[in-house]
Amino acid sequence: MAVAAGAAGALAVLLAGCLPQPASTQGASIASLYQVFIAGGVVVTAIVWGLATWALIRYRRRGDELPTQVRGNVPIEAIWTLTPLVAVLGLFALTLGSLQVVDANDPSAVQLDVTAFRWGWQVTYPSNGRTVSSLTGGSVAIVVPTDRRIQISLSSADVNHAFFVPAFLFKKDAIPGRPTSFEIDVPNAGTYPGACAEYCGIGHDAMPFTIVAVSGSTFDAWLATGHLAGEGAPSP
Amino acid sequence: MIAWLSATDHKRIGVLYIVTAFGFMVLAGLMAEGIRTELAQPGLQLVDPNTYAQLFTIHGTLMMLFFAGPLAIGFANYLVPLQVGAADMAFPRLNALSYWLFLFGGLIIVSGFLTSSGAAAVGWTAYAPLSELPYAPAPGMDLWIAGVVLVGFSGILGSLNFIVTIYARRAPGMTMFRLPLFTWSMLVTAVLILVAFPSVTAAGAMLFIDRHLGGAFFDPARGGDAILWQHLFWFFGHPEVYIVVLPYFGIVSEVVPVFSRKPLFGYRAMIFSLVAIAGLSMGVWAHHMFTTGVVFLPFFSLLSLFIAVPTGIKIFNWIATMWRGSIRLTVPMLWCIGLIYVFTIGGITGVMVASPPIDFQAQDTYFVVAHLHNVLIGGTVFAGFAGVYFWFPKITGRFLDERLGRLHWASWVIGFALTFVPQYELGVLGMPRRVADYAPTAGWTELNLVSTLGAVVLGLGMLPFLAAVVIALRQAPTAEPDPWGGNSLEWAADSPPKRHNFDWLPPIRSERPVFDARLAAERGGEPRERGDGETRGGAVRAPGRSNPEAGPA
C-alpha cells in the first residue's frame, strides 16, 4: 500500500504541476478547471484511503470474538450520499462556467477552414483563399494572429480525425459529413505543436502540424504575401 | 472430454467460461506486452504500424468482450444457482449455447491473424467510416464483426437465462431482499446487457450490410452518417463498462463481509446503488463524444457526474463493513482492499473526464487510456482475482497457495502503479492514444519506458498465479463446504458441489443463511429471526459483549 500511496501522491503533484502552460485563454480556463478537480480528487482520496487504512490497522483480527453485527446506519449513509451529490453539483457548476468561456463565439473572428485527410491537413484562409497543406509524414505551419479571435472550421475528406493542440488543452473532431468548429484566442506569439488524436489508419501518428502565432501586422503581411516577416517562410 | 463438450450443468459451464475467459486474457495480455514493448522507445522496433493497430484492436476487443464480461458470466453461472438455492439454471441448454457462441465468437475474431492481411485494425471502437470497406478491406474486419455479433447474441441469451433463474428458481424463503449482493449485481447486469447488447449487435450487422450488401448507414460519401455508428456503439459501450464492473462490485460485496466477520453495511443501499448506477449508465453514452461537437454537453456531463454518488456509496459501505470488524487479510481480501485504494483513483479521474472542458484535453490521450485501465484493472481484474482465490476451494475443493497469492497481488498493485500512473501524465502532456511511434523530442520517452517496465511486472506477476493453480490442481481436494466462514448458500454445498448442488438447505431468514446456521449451531439452537435486512441501524448482540450499540462513528 505504501507504494500505491506514494504513487498517488506523485500522481497528484505531477498532474497539477505538469499541465502544459496554457497558450490560449480557453486553455487557461480548462487548466484552472483541471486543477480544481485534481484538488477535489486529492481530498477524496485522502478521506477514502485514510478511513480504509485506519480500519485495516485498528480492526485486524485479534481474537475469535464475533464483532458487533452492525447492518447499517441511516444518518451516516445519508452523509456519504448527500455530500458527494453536493460536491458533483458544484463541479458541474464550475464545468458550465468553463464551457461558457470555451464555447464563446465572436462573429469577427478570423476564419480558418481546416480539412483533415489521410494523412495530413489542408488549411484555407477564406478571406483571400490562401491555402497551405502538409504531405503525408510532413508538417504544416498554421499561421494565426495574436490580436484577434480565431475560428477554426473542421471537416474531413475521408475518416474521423481530431485536431489536437496540447498547449491549448483542447481538441475537436474532424468528421466527414459533419463540419465542426471552435474558436480560440492565442495571446502570445510562439509555435505550438499539434497532432491528430483520433485513430485514422497507419499514418495516424504521422500527421503533425504547428500553430505559429504571430502579431497582427505580421499575420496580415503573411496572409497578403505568403512570407513570414523576419522568420523566413514557414516550413512546408 | 465429451462430458465437458456436452455439458449443461451450470457449474461445468461456469468453469468453461472462467477458463476460456482467462485464456483470452492471457492472449490479450501478450498483445498488450507487444504494445508496451513497441512504445518503450521512440522509433518502430518490434512491429509495423498495421500490426500495431491489429494488436491494440484485438487487445481491447478481447479484454472487454471476451474476458471482463465472460469472466463475470462464468462466476455467475457457477454461483447464481447455488446462491439462490437452485439445482441449475432455468434453461441449461440455452446456457450451453451461450458459452459456445462466446467461445467461437472469440476464436473467429482471433482467426483474423491467420489471414494474409491480418486481423481487424481499426480500434475496439471500430469507428466508421474507418471500418468501412474502402478503408478496411481486410477480411479480418468481417471476422471481427462476426465475432462481435456472436458474442452479442451470447450475452443476450445468457442474460435472459440469469433473469429467469433469479426470479423463478429461488429456494423457499429466498426473497429478493435476501439475495446475496453478487446475485443482485448479476440481475442488474443482465438487465443492462439486454438493453445494451442489441445496439452493438445491430450496429455490427449494419456495418456488414454497408460493407458487402450495398448499404450506406455509416458512410457519409453515400448519404450515411459517421456519427450514427458512435451513438449505436456507445449506447452499448457505456453500459458495457458497467456490465464489466457491477458483477465485480458484487464479488467485493461478498468477500469483504466474510473476512470482516460482519454483515454487509447498508445491504439495501448497496442494491439501490447498483440499480442507480445501471439506470444512469444508460444515459451517459455520449460522454464519449464530447469532442464531436454534435451532442448536448451539459446533459451527458451531469448524468456522468451523478454516477460518482452511488459508486461512492459502495466504496464507503465496504469500508464501513470493515469498520469495527475482525479483519483477516487473506488473499481474496487483499485484492478487495487493493480495489478500494486503486479503483478510487479511477473513479476520480472518471469524474474529471465527465467534465467536457477537461475531456477536451483528455479525450483520446493517454489520460483516458490510464483512466480506463485504472477502473478495469483496479476494479474488474482485482475483484476477478479476489473471486478466483475466494471460490477456488468451492469450485475445485483445493486452496490456492497463500504466499504465491500474495506475491501475485503485490506484483499487480506495484505493476499497475508503474504502468498507468505515468500514462496519466503522458496524457496531460498530450500524447495521443493508438500511436505506434512518437518523436524523441516529444519528451515522452522516460515515462513510456517506466510504463513498459510496469507492464513487464504485470506480466511476470501472472506466473505465481498460474503456478498456484497448477500446484493446487495436483493436490488432493481437502476443502470443507465452508472453509472461510461464508455467508451465502454456496457455502452450504459440498466443495465441489454435487451435480444437483444441495441435499439440504439451511433456513433462509436473512441474506446470510449460512452465517445464521453456523451461529445457531454454535449456540445450539435455531438461528434467531432478525428480519430480512430491514433492521437497519439495529444490531445483533455479539456473544460476550454487554453493549450491542455500535455504529461506524
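How each quantity is defined
Residues numbered from 1 in each chain as written. Chains lettered and ligands numbered in written order. Predicted model: local features only at pLDDT ≥ 70, side-chain atom pairs only at ≥ 80, totals over all residues. Helix = DSSP H or I, 4+ residues; strand = E, 2+ residues; numbered from the N terminus. Contact = placed C-beta atoms within 7 Å. Rg over C-alpha atoms; globule rule 2.2 N^0.38 Å. Buried ≥ 20, exposed ≤ 12 C-beta atoms within 10 Å, placed from the backbone. Nonpolar A, V, L, I, M, F, W, Y, C, P; charged D, E, K, R; others polar. Pairing = 2+ DSSP bridges. Axes fitted to C-alpha atoms, helices over the stretch in contact; angles between N-to-C directions. Core = buried A, V, L, I, M, F, W, Y, C linked by C-beta atoms within 7 Å. Parallel < 35°, antiparallel > 145°, perpendicular 65-115°, else oblique. Left-handed = near helix turned anticlockwise from the far one by under 90°. pLDDT = per-residue confidence, 0-100.

### Re the overall build of chain A
The helix and strand inventory of chain A stands at 4 helices and 11 strands. When contacts within chain A are restricted to residue pairs at least 6 apart in sequence, those whose partners lie at least 24 apart make up 68%.

### Re the overall build of chain B
Per the secondary structure count, chain B includes 17 helices and 1 strand. In summary, chain B has a C-alpha radius of gyration of 23 Å against a globular reference of 24 Å for 553 residues, a match within 12%. Each of the three principal axes of chain B carries a C-alpha extent, and together these read 75 × 50 × 50 Å. Residues counted as buried form 63% of the 553 residues belonging to chain B. Contacts spanning at least 24 positions in sequence make up 80% of the contacts within chain B whose residues lie at least 6 apart.

### Some points on the interface of chain A and chain B
Each side of the interface is counted separately: chain A has 77 residues, and chain B has 91 residues. For the side of chain A that touches chain B, the secondary structure elements donating two or more residues are helix H1 (2-17), helix H2 (25-58), strand S1 (69-70), helix H3 (74-103), strand S7 (161-165) and strand S8 (170-174) of chain A. Tallied by class, the residues present in the side of chain A that touches chain B amount to 51 nonpolar, 15 polar and 11 charged.

### As for the sheet that holds strand S9 (residues 180-184) of chain A
Residue and element names in this part refer to chain A. Spatially, the 5 strands line up as an open sheet ordered S4-S3-S2-S6-S9, and their pairing is mixed. Each having just a single partner strand, strand S4 (130-133) and S9 make up the two edges of the open sheet. Put simply, the sheet's adjacent strands are angled 20 degrees from each other on average, direction ignored. Bridge count between strand S3 (residues 120-125) and S4: 4 bridges; the pairing is antiparallel. Counted as the bridge partner of Gln122 is Ser133 from S4.

### Some thoughts on the sheet that holds strand S5 (residues 140-145) of chain A
Sheet strands pair via backbone hydrogen bonds, and the direction of the pair is either parallel or antiparallel. All names here are of chain A. The 5 strands are arranged S5-S11-S10-S7-S8 in an open sheet whose pairing can be described as mixed. The sheet is open, and its two borders are formed by S5 and S8, each paired with just one other strand. The average undirected angle you get between the axes of adjacent strands in this sheet is 25 degrees. As defined by bridge partners, S7 adjoins strand S10 (residues 190-196) across 2 bridges and the pair is classed as antiparallel. In the strand pairing of S10, Phe163 is matched with Cys196. Running at roughly 130 degrees to S5, helix H4 (residues 216-225) makes contact with S5 and strand S11 (209-214) of the sheet.

### Quick look at the nonpolar core
Counting 262 residues, the largest nonpolar core has Val252, Trp335, Cys336 and Ala386 of chain B as its most contacted members. The biggest single contributor to this core is helix H3 (residues 49-84) of chain B, with 22 residues.

### Some details on helix H10 (residues 297-306) of chain B
Listed in full, the buried residues belonging to H10 of chain B are Leu297, Phe300, Ser301, Ser304, Leu305 and Phe306 of chain B. Those residues of H10 of chain B that are buried are in contact with H3 of chain A together with helix H9 (267-281), helix H11 (308-322), helix H12 (331-353) and helix H13 (356-362) of chain B.

### Some details on the packing of helix H6 (residues 181-212) of chain B against H9 of chain B
Residue and element names in this part refer to chain B. Their axes nearest at 10 Å, the elements H6 and H9 cross at an angle of 15 degrees. The angle between H6 and H9 places the two elements in the roughly parallel class. Where H6 crosses over H9, the handedness of that crossing is right-handed. Seen from H6, the contacting residues are Leu181, Trp184, Ser185, Val188, Val191 and Leu192; seen from H9, they are Met270, Ile271, Leu274, Val275, Ala278 and Ser281.

### Structural notes on the environment of Ala93 of chain A
Residues and elements named next belong to chain A. Position of Ala93 among the secondary structure elements: in helix H3. Under the C-beta neighbour-count criterion, Ala93 is labelled exposed, with 10 such atoms within 10 Å. Along the backbone, Ala93 and Thr83 are 10 residues apart, and their C-alpha atoms lie at a distance of 16 Å.

### What to know about unusual backbone geometry
Of the consecutive residues Arg118 of chain A and Trp119 of chain A, the connecting peptide bond is found in the cis state with omega at 0 degrees. By the secondary structure assignment, Trp119 of chain A is in the loop between strand S2 (110-117) and S3. For the bond running from Ser495 of chain B to Pro496 of chain B, omega is -5 degrees, close enough to zero to count as cis. When you line up the elements, Pro496 of chain B lands in the loop between helix H16 (445-473) and helix H17 (513-523). Even without being a glycine, Arg324 of chain B presents a positive backbone phi close to 55 degrees. In this fold, Arg324 of chain B is placed in the loop between H11 and H12.

### Let's talk about the environment of Phe104 of chain B
Structurally, Phe104 of chain B is set in helix H4 (residues 92-110). Spatially, the C-alpha atoms of Phe104 of chain B and Leu27 of chain B are 15 Å apart, while their sequence positions differ by 77 residues.

### A word on the confidence of the model for chain B
Residue and element names in this part refer to chain B. Per-residue confidence for chain B averages 93 on the pLDDT scale, and 95% of its residues sit at or above 70. Predicted confidence is poor over residues 527-553, with pLDDT under 50, and the contacts of this stretch with residues over four places away or in other chains come to 58 contacts. Overall fold confidence for the complex sits at a pTM of 0.92, while the interface term, ipTM, reaches 0.92.

### What to know about the pairing of S10 of chain A
Across 5 bridges, S10 of chain A lies against S11 of chain A in antiparallel orientation. The partner of Tyr192 of chain A across the bridge, within S11 of chain A, is Ile211 of chain A.

### Side note on the packing of helix H8 (residues 246-260) of chain B against H12 of chain B
Residues and elements named next belong to chain B. At a closest axis distance of 9 Å, the pairing of H8 and H12 adopts a crossing angle of 120 degrees. Between H8 and H12, the angle is such that the two are oblique. Every pair of crossing elements has a handedness; the one defined by H8 and H12 is left-handed. Judged by residue contacts, Val252, Val255, Val256 and Phe259 of H8 engage Pro332, Met333, Cys336 and Leu339 from H12. Its residues placed into classes, the contact of H8 with H12 shows 8 nonpolar, no polar and no charged.

### Comments concerning the confidence of the model for chain A
For chain A, the average pLDDT comes to 90, and 89% of its residues sit at 70 or higher. In the predicted structure, residues 232-236 of chain A sits below a pLDDT of 50 and forms 9 contacts with residues beyond four places in sequence or in another chain.

### Brief notes about the pairing of S7 of chain A
Residues and elements named next belong to chain A. Most of S7 sits out of view: 5 of its 5 residues are buried. Every second residue of S7 is oriented toward a common face, with His161, Phe163 and Val165 on one face and Ala162 and Phe164 on the other, all of them buried. As judged from the 5 bridges shared by S7 and S8, these two strands associate in the antiparallel manner. Within the sheet, the bridge partner assigned to His161 lies in S8 and is Ala174. What sits between S7 and S8 in their antiparallel hairpin is a turn of 4 residues, with Leu169 showing a positive phi close to 50 degrees.

### Observations concerning the environment of Gly293 of chain B
Structurally, Gly293 of chain B is set in the loop between H9 and H10. Expressed as a C-alpha distance, the spacing of Gly293 of chain B and Ser131 of chain B, which sit 162 residues apart in the sequence, is 21 Å.

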